[in-house]
There are 2 protein chains.
Amino acid sequence: MTDFQARIAAAYDADAFRRESHRLMDTLSDYLARATRAEGPVLPWAAPAVNVDRFAAAFPEAPTGDFADLITRVLSGSNHLHHPRYVGHQVTAPVPLAALCDAVSSLLNNGMAVYEMGPVSTAMERNVLRWMAARLGLPETTDGVLTSGGSLGNLTALLAARQAKAGYDAWNGGAHAGPPLTVLTAQTTHYSLARATRVMGFGEGGVTPVPVDEHFRLRPEALDAALESATRAGRKPIAVVANAGSTATGAFDPLEPVADFCERHDLWFHVDGAHGASAVLSPAHRHLVRGIDRADSVVWDAHKGLLMPALVTAVLFRDGARSFESFSQEASYIFHGDAERPWSDVALRTLECTKEMMALKVYACLAVLGTRLFSDAVTESYEQAHRFAQRLSAASDFEVAVPPECNILCFRHTPAHVPAEQWDTLQTKLRERLVTRGDFYLVQTKLPRGVYLRVTLINPLTTDADLDALMDALRAAALR
Amino acid sequence: MTDFQARIAAAYDADAFRRESHRLMDTLSDYLARATRAEGPVLPWAAPAVNVDRFAAAFPEAPTGDFADLITRVLSGSNHLHHPRYVGHQVTAPVPLAALCDAVSSLLNNGMAVYEMGPVSTAMERNVLRWMAARLGLPETTDGVLTSGGSLGNLTALLAARQAKAGYDAWNGGAHAGPPLTVLTAQTTHYSLARATRVMGFGEGGVTPVPVDEHFRLRPEALDAALESATRAGRKPIAVVANAGSTATGAFDPLEPVADFCERHDLWFHVDGAHGASAVLSPAHRHLVRGIDRADSVVWDAHKGLLMPALVTAVLFRDGARSFESFSQEASYIFHGDAERPWSDVALRTLECTKEMMALKVYACLAVLGTRLFSDAVTESYEQAHRFAQRLSAASDFEVAVPPECNILCFRHTPAHVPAEQWDTLQTKLRERLVTRGDFYLVQTKLPRGVYLRVTLINPLTTDADLDALMDALRAAALR
């Protein structure tokens, strides 16, 4: 054995791994216990430059570091998403079993691209996608992929839409082979959509905004005018993108009239359900996405509504064959002999070549924890938002931007002692105080009527009492 | 406590997590021991349909499943990348400590987008990127991002190149605001590059192929003609992409003359070093990438040369400010009040919004295991390929496609008892036999002279004796 082989044998030694892994799991279990018990701040605020110094990249040449010590420092410096007072972005407190699945995924590294490189993960991905498609009411012809996040998911879906509806071969011919294209969507759509169209070279006009109603929902009766204005501007509309729900306010666009409109005008119907497609799991709330079964493509993030750690995004195509049209060239060294373009070589249909075993965590958690936990989590989080909105509305010093449709809620503190023209500044100041003190983690958003605080009740450990405490904390902070 | 809260408390219970995690870590340690000892087949071959049945999606409503049993089945059905006879794709046998880091990442779910959502991961990402930039010899102005794979990395770099060199604002104006664009690159470039340009709407002509020499390296003296032919075809060239090294054969394009050419013609110089940028870590082999310090952008996959699990890809820009030009719009609810576009809100510069804590594994493994393990792994794998090539060349019944430059090697078995016109079929048959029996995992590729077997010596547990056994196994299989 050479010196190098000895060092490699040590780095890959199963007994050393056993020791280190057990030590780590105790550390993580202790961490989880503290966070779920709401001990300490939510976010131990420190400025970027401070953390850059704390975690400097002065790496030793020889193995001298201490893993346990490093991880302890990582844990204490992080944003604690399992703290019940984390009510911030649409990023969940992952169910802990999923984190174990990711350790399995990263040890096995069976990241697919071709079937041989991930036989189990490929099979699980297919079946998880089928399960999701069935929940959405999509037909048996549905197929899709798991990909690295909603932004990439929307891009993947729109690439297929471009190929199906441009009227020319944009993949091989390029954008100049036909007129500039555009996609109709609510003004309030997530920035990833504008990003995807700009990536594809559609430019600013690649998104044709459709006005929204007072609940921030796309107005279907405005679609005709949007189509006309796009066409007048020399654009060929290829798709309508509906939100379920939108990121800023959680608004669900009415899907059925959008589906009708797409049918009438031969447009691709894409639903960005990154956040809200999970509503289908809730008998009480699935009416929000009525019509999603008519979509040509749907994006659904399991790391939002399904309590998974990032990233695991499903892109579903009602006509599975369309999933090959997002990307359509071959690489001889990787896809040898597959004239029939099999579903099992997933890189034919994803932007990633290698991936992680994304399906494993979804599959394992559904199989082990059961589906009810996940469907109830959707129902409960939506209803918690309704209850919180009621309490806010009942208070004279709070105002809800719009009644919540899901677990996203925008509101603001409007105490009598602060003049209305200072409310925008107040919300920003309140958020900054609560977040940097670590009392709560919440965010803010700018709506037409001004700056609002924004919570996403995506952490199932958050109780109504925590939300009452949030109101009190905001009141106290406003007085200081 | 409601019934739902009780079920959530159970799913998030720290003691249950402790028990399950310790049990899993024993299972993973046993697995690692078996795989590294070369027990059992490399790949337990089963057809896609078989695994789809084995891992069906019949999920129970209540928590009845058995996690340990499921994971045992996952482990036994997977491709065992830690088996010393895994010599296949450019996907590594991850150093086990990295898998533990991914469990931490997935429990914390501090996936960035904005600094607050991942204060430690943001700091680590910045410092890991600085460390990589320094290794490459890039200047202090360098900045970048970690992203989900080399394909996405190349797209990210080319989006910045488009914005810098198109001569018009392709981001906002769209492709039709100017002439169609093109990128010059070796014929042998990875398919992700053609994919990225087609995603951007450049079409087939978006890649202008540059001829390669007999070692599959871009011929710099052919660049002028390629530039002329692209221009004659009405295309505006924006960049040259050089490979370090190429996927099929591991060829390293000569970077210095490409840098000179780009300087002369005001073109963006991008190096796809997904596989081979790691050569900079090896004093013996860093000459392969001489000139990489002159690149405008570099892609470097830590999950290839740095023994990391997928995915963790660095995209580095010599002018860090350029990294904001890949994607340049804002989202008020997320990037509030950042008129100065801070580096610490990473989603401004990645296609992903939320990410994983990608930097953690790279940072922790370098800090704990030391840098020498990783630089030696590069050196040793490259030299092992050289030794294997020598043994193959010395044997009358094997032929090396081209002397290897790194740890990728293409060769074929050419036994006298098989006529030369059947050699292509033979390689395919041999590979299929070895892979489906689980003796070895290797791949194949089609080169101009025919079908070749292809190995990537990326698993540091593979010994020269394993490679001798591969030759014997091929000989035996050819006789059957």
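What you see is a predicted model, and the numbers here were worked out from it, not measured in a lab. (Residues numbered from 1 in each chain as written. Chains lettered and ligands numbered in written order. Predicted model: local features only at pLDDT ≥ 70, side-chain atom pairs only at ≥ 80, totals over all residues. Heavy atoms only, no water.)

Q: Before we go on, may I ask you to explain the overall build of chain A in this structure?
A: Assigned secondary structure in chain A consists of 16 helices and eleven strands. By residue count, 68% of the 480 residues in chain A fall in the buried class. Taking as baseline every contact in chain A between residues at least 6 positions apart, the subset at least 24 positions apart corresponds to 71%. Roughly 14,800 Å² of accessible area belongs to chain A as shown, and the carbon and sulfur atoms make up 50% of that amount. Across chain A, 45 positive and 54 negative side-chain charges occur, with their mean positions spaced 4 Å apart. (Helix = DSSP H or I, 4+ residues; strand = E, 2+ residues; numbered from the N terminus. Buried < 20%, exposed > 50% of the residue type's maximum accessible area, 1.4 Å probe, protein only. Contact = heavy atoms within 4.5 Å. Areas by Shrake-Rupley, 256 points an atom, 1.4 Å probe, with all protein chains shown as cover. Lys, Arg positive; Asp, Glu negative; His and termini not counted. Charge placed at Lys NZ, Arg CZ, Asp CG, Glu CD.)

Q: Just checking my understanding: could you explain the domain arrangement of chain A for this structure?
A: Interface extent is often summarised as the accessible area lost during association of the parts. Residue and element names in this part refer to chain A. Taken domain by domain, chain A consists of domain 1 (16–95 + 370–480) and domain 2 (111–368). When each unit is reduced to the centre of its C-alpha atoms, the spacing between domain 1 and domain 2 is 29 Å. For the domain 1 and domain 2 pair, buried surface summed over both sides reaches about 2,500 Å², with 66% attributable to carbon and sulfur atoms. Three residues, Gln 90, Phe 374 and Glu 405, lead the burial of domain 1 against domain 2; their summed loss comes to 27% of the area buried on that side. Run the count over domain 1 and domain 2 and you get one salt bridge. A salt bridge links Arg 217 to Glu 405, with the shortest nitrogen-to-oxygen separation between them at 3.2 Å. For the pair domain 1 and domain 2, the interface holds ten residue pairs in polar contact (both at pLDDT 80 or more). Counting only elements with at least two residues in the side of domain 1 that touches domain 2, the list comes to α14 (371–394), β9 (408–413), β10 (443–447) and β11 (450–456). (Domains from an automatic or database assignment. Buried area = accessible area lost by both parts, 1.4 Å probe. Salt bridge = Lys/Arg side-chain N within 4 Å of Asp/Glu carboxyl O. Polar contact = N/O pair within 3.5 Å; in protein donor to acceptor, adjacent residues only side chain to side chain.)

Q: Looking at this structure, how should I read the confidence of the model for chain A?
A: Atomic detail in the predicted coordinates should be set aside for any region of low pLDDT. Averaged over all residues, the pLDDT of chain A equals 95, while 97% of them reach at least 70. For the stretch residues 336–340 of chain A, pLDDT sits under 50, and the model shows five contacts to residues farther than four places along the chain or on other chains. (pLDDT = per-residue confidence, 0-100.)

Q: Quick question: what am I supposed to make of the pairing of strand β2 (residues 181–186) of chain A here?
A: Consecutive residues of a regular strand have side chains that alternate between opposite faces of the sheet. Residues and elements named next belong to chain A. Counted residue by residue, β2 has six buried out of six residues, so it is predominantly covered. Bridge count for β2 against strand β4 (residues 236–243) is five bridges, and the pairing is parallel. From the neighbouring strand, Val 183 faces β4, where its bridge partner is Ala 239. When β2 meets strand β3 (residues 207–210), the two strands line up parallel, connected through four bridges. In the strand pairing of β3, Thr 185 is matched with Pro 209. (Pairing = 2+ DSSP bridges.)

Q: Just checking my understanding: could you explain the sheet that holds strand β6 (residues 297–301) of chain B for this structure?
A: Two strands in a sheet stick together by hydrogen bonds in their backbones, pointing the same way (parallel) or opposite ways (antiparallel). Residue and element names in this part refer to chain B. Read from one edge to the other, the open sheet built from seven strands follows the order β1-β7-β6-β5-β4-β2-β3, with strand pairing classed as mixed. The open sheet is flanked by β1 (143–147) and β3 (207–210), the only strands paired with a single partner. Between one strand and the next, the sheet's axes are offset by a mean angle of 20 degrees, whatever the strand orientation. Packed onto the sheet, helix α10 (residues 223–232) meets β2 (181–186), β3 and β4 (236–243) and runs at close to 150 degrees relative to β3. Sheet strands in contact with helix α11 (residues 255–265) are β2, β4 and β5 (268–272), and its direction is about 155 degrees off that of β5. (Axes fitted to C-alpha atoms, helices over the stretch in contact; angles between N-to-C directions.)

Q: Before we go on, may I ask you to explain the relation of the copies chain B and chain A in this structure?
A: The relation between the two copies of this chain is a rotation about an axis and a shift parallel to it. Its rotation angle being 180 degrees, the transformation that places chain B on chain A also includes 0.0 Å of axial translation and leaves an RMSD of 0.0 Å. Viewed as a symmetry operation, the transformation between the two copies matches a two-fold axis. If distances are taken from each C-alpha of chain B to the rotation axis, the shortest is found for Met 200 of chain B, at 2.1 Å. (Least-squares fit on C-alpha atoms with pLDDT ≥ 70 in both.)

Q: I would appreciate a short explanation of the environment of Thr 185 of chain B in the present structure.
A: Residue and element names in this part refer to chain B. In this fold, Thr 185 is placed in strand β2. Considered as a pair, Thr 185 and Trp 268 are 83 residues apart in the sequence and their alpha carbons are 12 Å apart. In this structure Thr 185 touches Leu 193, Val 207, Thr 208, Pro 209, Val 210, Leu 218, Val 241 and Asn 243, once residues within four positions along its chain are discounted.

Q: How should I be thinking about the pairing of β4 of chain A in this particular structure?
A: All names here are of chain A. Along β4, seven of the eight residues are buried, which leaves the element largely enclosed by surrounding structure. Where β4 lies against strand β5 (residues 268–272), five bridges are found, and the strand directions are parallel. Bridging across to β5, Val 240 finds its partner in Phe 269. For the crossover from β4 across helix α11 (residues 255–265) to β5, the handedness is right-handed. (Right-handed = clockwise from strand over helix to strand, strands pointing away.)

Q: Is there a simple way to think about the packing of aromatic side chains in this case?
A: Here the distance between the centres and the angle between the planes together describe a pair of aromatic rings. In the structure shown here, the tally under the stated rule is 18 aromatic pairs over all chains. Here Trp 131 of chain A and Phe 59 of chain B contribute two aromatic rings whose centre-to-centre distance is 5.7 Å and whose plane-to-plane angle is 80 degrees, an arrangement assigned as edge-to-face. On the criterion of chain membership, the pair formed by Trp 131 of chain A in helix α6 (residues 119–136) and Phe 59 of chain B in the loop between α3 (48–54) and α4 (67–77) is interchain, its members lying in two chains. Under the relative-accessibility criterion, Trp 131 of chain A is labelled buried at 10%. For Phe 59 of chain B, a relative accessible area of 13% gives the class buried. Their ring planes at 70 degrees and their centres at 6.3 Å tell us that Trp 268 of chain A and Phe 317 of chain A sit as a pair that is edge-to-face. Taken as a pair, Trp 268 of chain A in strand β5 and Phe 317 of chain A in strand β7 (residues 313–317) lie far apart in primary sequence, 49 residues in all. On the accessibility criterion, Trp 268 of chain A (2% relative accessible area) is buried. Residue Phe 317 of chain A is classed as buried on the basis of its relative accessible area, which comes to 1%. When the ring centre of Phe 324 of chain A is taken as origin, the NZ or CZ atom of Arg 349 of chain A, which lies over that ring, is 5.1 Å away. (Phe/Tyr/Trp six-rings, centres within 6.5 Å; stacked < 30°, edge-to-face > 60°. Lys NZ or Arg CZ within 6 Å of the ring centre and 35° of its normal.)

Q: For this particular structure, what's the right way to read the UniProt feature "modified residue: N6-(pyridoxal phosphate)lysine" (unreviewed entry) in chain A?
A: All names here are of chain A. UniProt records the feature "modified residue: N6-(pyridoxal phosphate)lysine" (unreviewed entry) for Lys 304 in the present numbering. With respect to the helices and strands, Lys 304 occurs in helix α12 (residues 302–305). Lys 304 sits in the buried class, given a relative accessible area of 14%. If we skip the residues at most four places from it in the chain, Lys 304 touches Gln 90, Thr 92, Ala 274, His 275 and Ile 458. (UniProt positions renumbered as here; feature names shortened; annotations may be inferred.)

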